[in-house]
Amino acid sequence: EATAPRVRRRSRVVEWTIFFTISFNILSLLKLGPIVHSSVKDQNEINNLPQRQQQRQQHGGAIVDVSTVNLLDLMFHNPPPQIKHTMKANNGNHQVDKNSTAMASALLKIQMHMYDILARWNLLAEDLGIDRWVVHGGSAMGAKCFGGMNPWDDDIDMTVLDCKLLDYLWETGEQNVTKYYPNLDERSHSMDNWAALWDSRLIKVREHDMILSRGSRCCGWYKLMSMDLAFLWKPGDAIMGVELECMNRGSSPREKNVMRASGWTKYLQGTKELVTLPFGSTTIKTMPPSLLNTYIRKRYGKQSPCQFPFSDGGGAEKKPSISALSDEINHTKTFQLDQQKAQMNFVLKNWYVPKFQREKWLKQKGDKNQLEYTTQLPNLDKIEIDNSISPNGCSWQSNSSSSSGAANIKVIGWNAERGKHWDKFYTMIQEKVELQKPMVILLNEMDVGMARSGNVHTVRQLALQLGMNYAYGVEFLELTRGTQEEQEATKTQRDSLSLHGNAVLSKCVIGDGMILRDPLPAQYFSDKPERGINADGFEVRLGGRMGLFVRIFQHPSPLIPDLHNFRADKFDIPESLPDHFVVGNVHKVEENVNNRETLWNYFGFGAPAPNISIHEGNGVDLAASQHGVIVQGDFGPQFCSLGGLKKMNNYKIHQTFRVNCLPAGKVEIGPLSGDFFCSNMRASRAVEVTAPCDWSDAKKPLTMADHAIVSIEVASNKK
C-alpha cells in the first residue's frame with residue numbers, strides 16, 4: 001500500500017550479484033520507454049525476458065542507485081508532524097524493519113522477484129487469452145508516478161475481470177508442491193487457520209514452475225509466486241506473490257466501492273483499450289490517465305500523488321497544460337510527464353541531509369561554526385544538469401529579431417522568491433509577448449523540497465512544462481521552514497529536503513557548469529535577528545551566497561563536460577568547446593579580487609590587466625567558439641564591471657523591487673533598481689520589466705514574488 005514503506009524481514013543471504021541486479025532494476029524503473037496500447041499486442045518486452053535478465057546480470061554490478069535508500073530513510077526519519085490526508089489502506093501482513101539500510105537491501109531483493117513474476121504473468125495471461133486485467137492499489141500509483149513499484153513497496157496488486165481460466169489452471173495444477181520441492185516450507189505458499197485459507201497448486205508457465213495459491217475465508221483471489229520468492233520465506237512472514245483479485249467473484253471490500261465510484265468497473269467490463277506501460281523491467285496494464293487519477297484520488301485521498309512522499313499529496317496538483325488534452329491522444333505524454341515530475345533521484349542521491357542532522361545543526365545556531373558545518377554538507381558545489389528534456393538542443397537563429405545575421409538569444413531573469421508560483425510563471429511566458437519563446441531563463445531563490453513551495457522540485461516542474469533543459473545549484477540548506485509567515489502557514493507540515501538555490505533553464509544543451517560561492521557569514525547562522533539577513537531571526541541557513549554559470553550549446557557533443565575544470569596555473573580559453581554562449585545567474589556574490597579572477601577565468605577573457613582596480617577592464621571572448629557572455633541576478637550595481645561586463649539596465653526606468661500587485665490590473669514597482677543584466681554583447685532588444693502579477697481574481701490579485709521579471713535579447717559577438 002502507499003501509506004508507508006514496509007518490508008518483511010529476511011534471514012536468507014542472497015549473493016551480491018543478485019543485489020546489484022536488483023539495484024539496476026530499481027534504476028531502470030525510473031527510465032521511461034515507449035508506451036503502447038494493448039491493442040497493438042506488442043510482446044517484445046516479455047518475449048525477450050531471458051536476454052534482458054542476462055544483460056542485467058552482466059551490467060547490474062556497475063550501477064548501484066542509493067536514492068532508494070535515501071527515500072526510505074526520509075520516509076522513516078522525517079515524518080510530517082500531522083498527516084492532513086485520509087488514507088484507506090490495508091496494513092495487514094506487512095512488517096517494517098527500522099534499519100533503513102538493511103530494509104532497503106531486502107526490499108530491493110523482493111522487488112526484483114516481483115518484476116520477474118509480473119513478466120511471467122504477462123506470458124501466462126497471453127497463453128490463457130486473459131486480456132482484461134489492470135494494476136490497482138498502491139501499484140497503480142507506482143505505474144503513474146515511478147514507472148514501476150513505489151520505492152517503498154514490496155508487492156504488486158492487480159485486478160482480473162474474469163478468473164474462470166485461472167480457476168481451471170488451479171484445479172488442474174499439481175496439489176502436492178512438497179513432492180517436487182521437499183525443502184520448501186509449505187507455510188511459504190499455504191495456510192489454513194480460522195482467519196484465512198490459502199490452497200496452492202504447482203503450475204508451469206513456459207516451462208518454469210510457479211505456485212498459484214487461491215484464497216478463501218479472508219480473500220477470494222489468487223497469489224502468483226515464483227519458486228525463488230517462495231524460498232525466501234521464513235517463519236513469521238506472510239504469503240508473498242503478485243496478488244490477482246477477481247472482479248467476477250467480487251473484489252476486496254477496500255477496492256470494490258472505489259472501483260465502482262471511479263468508473264473502473266464499468267471500463268474494465270467494457271471493450272475500450274487499456275494502456276500498457278513500462279513497469280520496472282517489464283510491462284503492466286492500467287486505465288487511461290483520467291480514470292487512473294480519479295481512482296487514486298478516491299482510493300487514497302491524493303490529488304497530487306506524484307508529490308508523495310515529499311508532500312502528503314492531498315493538495316491540488318499544479319497540472320501541466322498537456323493533461324488538459326484528451327486521453328485518447330495523450331496517454332503517452334501524460335504518463336511520461338507524471339513520471340518525470342516525480343523523479344528526484346539526483347537530489348536524493350547527492351544532497352539529501354536527514355532531518356535529525358538538520359535539527360542538530362539548528363540547535364547549534366549562533367555558535368559561529370557555520371563554516372565547519374557547511375563543509376559537512378554533501379556535494380554542495382555539485383550541479384544538477386538535465387539535458388534529457390530538450391535532448392536535441394536548439395538553434396541560435398530560431399527566435400532572432402536581429403537583422404545583422406548574428407546569432408541572437410532571448411534571456412529572462414527573475415528572483416522568483418521560492419519558485420512556488422512556477423505554474424503561473426509558465427502561463428505568463430506563454431501570454432506576455434516580451435517573455436515568449438525564451439532561449440534562456442535565469443532564476444534565483446528556487447526551492448527543492450520545502451513545505452512553503454509544496455515540497456516539490458520547483459525548477460524541474462517548470463522545466464518539464466516548458467520543455468527546457470535545466471541546471472540547478474544549491475545556495476542554502478534551510479534549517480527552518482522560512483520566515484515567520486511561512487512557518488505559520490506550514491506549521492502542520494515539514495520540509496522534506498530543505499534546499500534553496502539558483503537555476504538556469506534553456507532549450508539548448510547545458511554543460512561546463514561552475515559555482516562561485518562566498519563563505520557563509522555568521523549572521524546567516526545567528527540565534528538573534530540580523531537586519532536584512534535572516535528574516536528577523538526566523539531563517540537559519542548553511543551554505544553560502546553563490547553564482548551558477550554554464551555554457552549553452554546548440555547540439556550535444558562528447559566535447560561538452562558537465563562541470564568546468566579550472567587549472568590553477570593559467571587562465572582558461574575554451575577553444576576546444578563547440579560554439580556556445582556563457583550564461584550565469586548570481587545572487588549577492590561579493591565584489592573582491594578572488595571572485596574577479598574566477599569570473600575572468602571562467603568567462604574565457606584571459607587574465608585581467610595588472611595594476612587596475614577590480615572594476616576596470618572589458619572582457620573579450622578570446623575563443624573563436626564563444627559568442628558572448630550574459631549574466632543576470634540580484635547583486636550590487638558594480639558586479640557587472642567586476643566580471644569585465646557592462647550593465648544593460650537603465651536604473652532610472654528599470655525599477656524592479658518591491659512589487660505590489662493591485663486590483664484592476666494596476667501595479668506598483670519600486671523604488672529600487674536591481675535584477676541587472678550584465679553582458680559583453682550588444683542588446684538587439686532593450687531590457688523590459690514585467691510585473692509578476694496574477695489578476696485571475698481582479699479584486700485580490702496575487703503578487704507572485706517581490707522582484708519583477710526582466711528580459712532582454714542580445715546578439716552574438718561573432719558574425
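Moving on, we get to helix 15 (residues 355-363). Along helix 15, the residues that are buried comprise Gln357, Arg358 and Trp361. With its buried residues spanning 100 degrees around the axis, helix 15 presents them on a single face. When the buried face of helix 15 is taken as reference, the exposed residues oriented beyond 90 degrees from it are Phe356, Lys360 and Lys363. Buried positions along helix 15 lie against helix 16 (370-375), strand 14 (469-478) and strand 17 (541-543).

A few words on the sheet that holds strand 4 (residues 191-192). Spatially, seven strands are ordered 2-3-8-7-6-5-4 in an open sheet, and the strand pairing comes out mixed. The outermost strands of the open sheet, each flanked by one partner alone, are strand 2 (133-135) and strand 4. As paired strands, strand 6 (residues 208-216) and strand 7 (residues 222-226) are joined by five bridges and run antiparallel to one another. Opposite Met210, over in strand 7, you have Ser226 as the bridge partner. Set on the sheet, helix 7 (residues 164-171) makes contact with strand 5 (197-205), strand 6, strand 7 and strand 8 (242-246); between it and strand 6 the angle comes to about 110 degrees.

The next subject is the sheet that holds strand 19 (residues 580-587). Within the open sheet, the six strands sit side by side as 16-18-19-20-24-21. Their pairing is mixed. Looking along the sheet, the strands with just one partner apiece sit at the ends: strand 16 (509-517) and strand 21 (646-647). Relative to strand 20 (residues 626-634), strand 19 runs parallel, the two being bridged by seven bridges. Residue pairing in the sheet places His587 in a bridge with Asp634 of strand 20. Contacting strand 16, strand 18 (546-553), strand 19 and strand 20, helix 20 (residues 593-603) crosses the sheet at an angle of about 170 degrees to strand 16.

Before going further, it helps to examine the pattern of salt bridges. Where side chains of opposite charge bring their charged atoms close, a pairing between them can arise. Taken as a whole and judged by the stated rule, the model has 29 salt bridges. Among the salt bridges present, the one from Arg551 reaches Asp512, with a minimum N-O distance of 2.7 Å. With Arg551 in strand 18 and Asp512 in strand 16, this pair connects stretches of sequence that are 39 residues apart. What makes Arg551 buried here is its relative accessible area of 0%. Linked through salt bridges whose partners overlap, the residues forming this network are Arg418, Glu445, Asp447, Arg452, Glu478, Glu486, Glu539 and Arg541.

This part is about the pairing of strand 16. Among the nine residues in strand 16, nine count as buried, and that is most of the element. When strand 16 meets strand 18, the two strands line up antiparallel, connected through seven bridges. Looking at strand 18, one finds that Ile515 is bridged to Leu548.

Attention now moves to the state of the cysteines. The full count for this structure, using the stated rule, is five disulfides. One disulfide bridge connects Cys145 with Cys306, the sulfur atoms lying 2.1 Å from each other. An S-S torsion of about -85 degrees defines the bridge between Cys145 and Cys306 as left-handed. Placement of Cys145 in helix 6 (residues 138-145) and of Cys306 in the loop between helix 12 (289-300) and helix 13 (327-342) is noted, with a sequence separation of 161 residues between them. The exposure class assigned to Cys306 is buried, which follows from its relative accessible area of 8%. The disulfide bridge from Cys163 ends at Cys246, spanning 2.1 Å between sulfur atoms. Here the disulfide of Cys163 and Cys246 is left-handed, its torsion about the S-S bond being about -95 degrees. Remark: Cys246 occurs in strand 8 and Cys163 occurs in the loop between strand 3 (157-160) and helix 7; sequence separation between them is 83 residues.

Moving on, we come to the side chain of Asn585. Secondary-structure assignment places Asn585 in strand 19. A distance of 2.5 Å separates the side chain of Asn585 from the side chain of Asn444, its partner in a polar contact. Within the structure, the side chain of Asn585 is placed 3.0 Å from the side chain of Asn502, a separation counted as a polar contact. Leaving out residues up to four positions away in the same chain, Asn585 has contacts with Leu442, Leu443, Asn444, Asn502, Ala503, Met546, Gly547, Leu548 and Gln632.

A word on the confidence of the model for the chain. Mean pLDDT over the chain works out to 84, with 82% of the residues at or above the 70 mark. Scored below 50 in pLDDT, residues 322-328 makes eight contacts in the model with residues more than four places away or belonging to other chains.

To continue, consider the packing of aromatic side chains. The geometry of an aromatic ring pair is captured by two quantities: the separation of the ring centres and the angle between the planes. Under the definition given, this model contains 19 aromatic pairs. Ring geometry for Tyr602 versus Phe603: centroids 6.4 Å apart, planes at 65 degrees, classification edge-to-face. A residue is classified by how much of its surface remains accessible, and Phe603, at 2% relative accessible area, is buried. Members of the aromatic cluster, each reached through a chain of ring pairs, are Phe549, Trp600, Tyr602, Phe603 and Phe605. The residue whose ring lies beneath Arg201 is Trp170, and the NZ or CZ to ring-centre distance is 3.9 Å. The aromatic ring of Phe676 is capped on one face by Lys647, whose charged end is 4.9 Å from the ring centroid.

Thresholds applied
Per chain, residue numbering runs from 1 following the sequence as it is written. Local features are withheld for residues below a pLDDT of 70 in this predicted model, meaning they are given only at 70 or higher, and side-chain atom pairs are given and counted only at 80 or more; totals for whole chains, interfaces and linings count all residues. Note that the side-chain values use all heavy atoms of the structure and ignore hydrogens as well as water. Accessible area is worked out with a 1.4 Å probe on protein chains only. A residue is then buried under 20% of its type maximum, exposed over 50%, and partly exposed in between. A helix here means a DSSP run of H or I that spans at least four residues, while a strand means a run of E at least two residues long, and both kinds are numbered starting from the N terminus. Here the arc refers to the set of directions running from the helix axis out to each C-beta atom. Between two residues, a contact is recorded if the distance between any of their heavy atoms is within 4.5 Å. DSSP calls a pair of strands paired once it identifies at least 2 bridges connecting them. Fitted lines through C-alpha atoms serve as axes, helices being fitted only where they are in contact, and the angles separating the N-to-C directions of these axes extend from 0 to 180 degrees. For salt bridges, the criterion is a side-chain nitrogen of Lys or Arg within 4 Å of an Asp or Glu carboxyl oxygen. Any two cysteine sulfur atoms lying within 2.5 Å of each other are counted as a disulfide. Counting of polar contacts relies on pairs of N or O atoms within 3.5 Å, with two restrictions inside protein: one atom must be capable of donating a hydrogen and the other of accepting it, and residues adjacent in sequence are counted only when both atoms are side-chain atoms. Summary of the metric used: pLDDT quantifies the predictor's per-residue confidence within the range 0 to 100. The criterion for an aromatic pair is that two Phe, Tyr or Trp rings (for Trp, the six-membered ring) have centres within 6.5 Å, with stacked assigned to planes under 30 degrees apart, edge-to-face to planes over 60 apart and tilted to the rest. Comment: the charge-over-ring label is applied if NZ (Lys) or CZ (Arg) is within 6 Å of the ring centre and within 35 degrees of the ring normal.

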